[in-house]
Amino acid sequence: MRVLVVEDEPYMAEAIRDGLRLDAIAADIAGDGDTALELLSVNSYDIAVLDRDIPGPSGDEIAKRIIASGTGMPILMLTAADRLDDKASGFELGADDYLTKPFALRELVLRLRALDRRRAHSRPPVREIAGVRLDPFRREVYRDGRYVALTRKQFAVLEVLVAAEGGVVSAEQLLERAWDENADPFTNAVRITVSALRKRLGEPWIIATVPGVGYRIDAEAGITAGANAMSGNRD
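Residues numbered from 1 in each chain as written. Predicted model: local features only at pLDDT ≥ 70, side-chain atom pairs only at ≥ 80, totals over all residues. Heavy atoms only, no water.

Going by an unreviewed UniProt entry, the protein chain carries the name Two component transcriptional regulator, winged helix family and comes from Catenulispora acidiphila.

1. Remarks on the packing of aromatic side chains
As enumerated under the stated definition, the model contains two aromatic pairs in all. Here the aromatic rings of Tyr-142 and Tyr-147 are separated by 5.5 Å at their centres, their planes lie at 65 degrees, and the arrangement is edge-to-face. Above the ring of Phe-155, the side-chain terminus of Arg-139 is found at 5.8 Å from the ring centroid. (Phe/Tyr/Trp six-rings, centres within 6.5 Å; stacked < 30°, edge-to-face > 60°. Lys NZ or Arg CZ within 6 Å of the ring centre and 35° of its normal.)

2. Description of the sheet that holds strand β1 (residues 2–6)
Ordered in space as β2-β1-β3-β4-β5, the five strands form an open sheet in which the pairing is parallel. Strands at the two margins of the open sheet, each flanked by one partner only, are β2 (26–30) and β5 (97–100). The sheet shows a mean angle of 20 degrees between the axes of neighbouring strands, direction not considered. Relative to strand β4 (residues 75–79), strand β3 (residues 47–50) runs parallel, the two being bridged by three bridges. Counterpart to Val-49 in the pairing with β4 is Leu-76. Relative to β4, helix α3 (residues 59–69) is tilted by about 175 degrees, and along the sheet it contacts β1, β3 and β4. (Pairing = 2+ DSSP bridges. Helix = DSSP H or I, 4+ residues; strand = E, 2+ residues; numbered from the N terminus. Axes fitted to C-alpha atoms, helices over the stretch in contact; angles between N-to-C directions. Contact = heavy atoms within 4.5 Å.)

3. Considerations on the pattern of salt bridges
In the structure shown here, the tally under the stated rule is 17 salt bridges. Among the salt bridges present, the one from Arg-21 reaches Asp-18, with a minimum N-O distance of 3.9 Å. Of this pair, Arg-21 and Asp-18 both sit in helix α1 (residues 10–22), three residues apart, roughly one helical turn. You can call Arg-21 partly exposed: its relative accessible area is 31%. Taking the relative accessible area as the measure of exposure, Asp-18 reaches 36% and is therefore partly exposed. (Salt bridge = Lys/Arg side-chain N within 4 Å of Asp/Glu carboxyl O. Buried < 20%, exposed > 50% of the residue type's maximum accessible area, 1.4 Å probe, protein only.)

Structure representation (structure tokens):
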């Protein structure tokens, strides 16, 4: 998941970004409305986290622009404006969720995960494909019942691949969805991370490389592994 955090307090913005990274959520920061609109015009985000009182176009104006764009991007307003009237006006603008400061980072993560699930048309919170079970709320991965310990970046890449449900995801798309704006587009980070992820998940490999195109989850490999495991149990 990749989110845009619009927050004019630098320390707060950096703390949110760093905290989200710990939960395998990539985040870009905008300290004012103009920067936010520029980032929205060039990047694809899953969710926008908006402070309402910021320099330049306000958080409310940015929310209106997002809604007018028709992308359906969820909006979470993260603001000190905590009166009931403030919340009502925020929801009337089109906000999907509203969290007031001070807040617990864990609650923000849970709300972002819930918004992301709703954005994907009520997909189940726990995803399963090819014997892999991925729980984004607990940040846990199991393969054929075996717990798999992953780094944050490995988890983020696997989450994107699992969400594609066997479809091919290009290296560029992985870089866009699992890294933030500081990622070097010419880096080998995607290839290295996918290679390490394969090893963590174990054989038979379920992440297939489609030459010149990208990567995908090979559901057939998972079925074969499961069938072999059952055969071994019968023996």
